[in-house]
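Structure assessment
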Amino acid sequence: MRYAVISDIHSNLEAFRAVVADIRTRAVSAVFFAGDAVGYGPDPDACTLLLKETCSEAVAGNHDWAAIGSASDQRFNEMARRALAWTRTRLSERSIEHLRGLPLTSSLEDHDAFLVHASPKDPASWRYLLSMGEIRENYEFFSQRICYLGHSHTPFIAEQLPSGGIQIHRGSVTLEQTGKYIVNCGSVGQPRDGDPRACYVIFDDGAVQFPRVEYAVEETQRKMALEGLPDMLIERLARGR
Ligand code: ZN
């Protein structure tokens, strides 16, 4: 069984297209999405429509909800709020309808996996899993073998060992039969782990990998500048921070 999981596209069409092209070379049976199609980047509508066409299961992220008015943008920083206000003016009815239809969580029955954007414990609070304690308590809130999420834009695999301990992996891992896993998919459209290349997940016969895909960063930056999106959001794409 081979499938892909993508997250945090953030209206970056160049990155998203590059990832879709990379996925096409890998003969996957399905592509799943862990939230945040929009926000920050210059192509919210095209990204939402490509998402609709690419992913068979998808959940909503905090930026998706804020863009369609399902959540307040009070907790976003000033730059994210500016980008969201602009995003709202660029979404077509079809895109709004698609984002509105995304659930907060999804159970991938055939894959023994669970999808959520931020945390299984309380999906609508959009909490980050930052400490080992927070990671540990979240294992109680999904029954499947693997939980895929996004939100922090930093890829990792947290493995719950039979002893109850947690081991963090930063790269590819072959999953153990006895383990239970939380996999952060990283970000397609705004990586923050110091590597500017687009990031996503391939699950291949019990192994989880994070392919990195080069894309035309300058083209995304050019479009953002043209739309007057915040400088810091433009610059960070080249740094992957
Ligand atoms: Zn995000």
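To be clear, the structure that these remarks concern was listed above.
Model, not experiment: these values are computed from the prediction.

Here the zinc ion is held by Asp 8 (OD), His 10 (NE2), Asp 36 (OD) and His 153 (NE2), and the distances to it run 2.0 to 2.5 Å. One can describe the donor arrangement at the zinc ion as irregular, given that its four donor atoms subtend angles of 85 to 178° at the metal.

Let us now look at the state of the cysteines. Going through the model one piece at a time under the given rule, you end up with zero disulfides. No disulfide involves Cys 199; its nearest neighbouring cysteine sulfur is the one of Cys 185, lying 8.1 Å away. The buried category is assigned to Cys 199, whose relative accessible area is 1%.

What follows concerns the pattern of salt bridges. Evaluated as defined, the whole model comprises 13 salt bridges. Between Lys 223 and Asp 43 there is a salt bridge, with its nearest N and O atoms 2.8 Å apart. With Lys 223 in helix 7 (residues 217-226) and Asp 43 in the loop between strand 2 (31-33) and helix 2 (44-54), this residue pair connects regions lying 180 residues apart in the sequence. Residue Asp 43 is classed as buried on the basis of its relative accessible area, which comes to 16%.

What follows covers the nonpolar core. If you look at the biggest cluster of nonpolar residues, it comprises 48 residues, and the most contacted ones within it are Ile 6, Ile 9, Phe 16, Val 19, Phe 33 and Tyr 200. Look past the residues within four positions of Ile 9 in its chain and what remains in contact with it is Phe 16, Phe 33, Asp 36, Ala 37, Cys 47, Leu 51, Val 188 and Gly 189. Judged by nonpolar contacts, the second largest core, of 22 residues, contains Val 5, Ala 30, Ala 34 and Val 173.

The next point concerns the side chain of Lys 180. Along the chain, the position of Lys 180 falls in strand 10 (residues 180-184). Summary of buried charges: Lys 180 has no salt-bridge partner, and the nearest side chain of opposite charge, Asp 112, is 8.8 Å away. At 2.5 Å, the side chain of Lys 180 forms a polar contact with the backbone oxygen of Phe 142. Discounting chain neighbours no more than four positions away, the residues touching Lys 180 are Tyr 139, Phe 142, Ser 143, Gln 144, Arg 145, Ala 158, Glu 159 and Gln 160.

Okay, helix 7 next. All of the buried residues in helix 7 are Val 217, Thr 220, Gln 221, Lys 223 and Met 224. The buried side chains of helix 7 occupy one side of the element, clustering within an arc of 160° when seen end-on. Turned more than 90 degrees away from the buried face of helix 7, the exposed residues are Glu 218 and Leu 226. Of the surrounding secondary structure, the elements contacted by the buried residues of helix 7 are helix 1 (13-24) and helix 8 (231-239). Phi for Gly 228, located one or two positions after helix 7, is positive at around 70°.

Parameters and conventions
- Residues numbered from 1 in each chain as written.
- Predicted model: local features only at pLDDT ≥ 70, side-chain atom pairs only at ≥ 80, totals over all residues.
- Heavy atoms only, no water.
- Donors = N, O, S within 2.8 Å, 3.2 Å for Na, K, Ca; no water.
- Tetrahedral: all angles 85-135°; square planar, octahedral: opposite > 155°, others 65-115°.
- Disulfide = S-S within 2.5 Å.
- Buried < 20%, exposed > 50% of the residue type's maximum accessible area, 1.4 Å probe, protein only.
- Salt bridge = Lys/Arg side-chain N within 4 Å of Asp/Glu carboxyl O.
- Helix = DSSP H or I, 4+ residues; strand = E, 2+ residues; numbered from the N terminus.
- Core = buried A, V, L, I, M, F, W, Y, C linked by side-chain atoms within 4.5 Å.
- Contact = heavy atoms within 4.5 Å.
- Lys, Arg positive; Asp, Glu negative; His and termini not counted.
- Polar contact = N/O pair within 3.5 Å; in protein donor to acceptor, adjacent residues only side chain to side chain.
- Arc of directions from axis to C-beta.

Keep in mind these numbers describe shape, not what the thing actually does.
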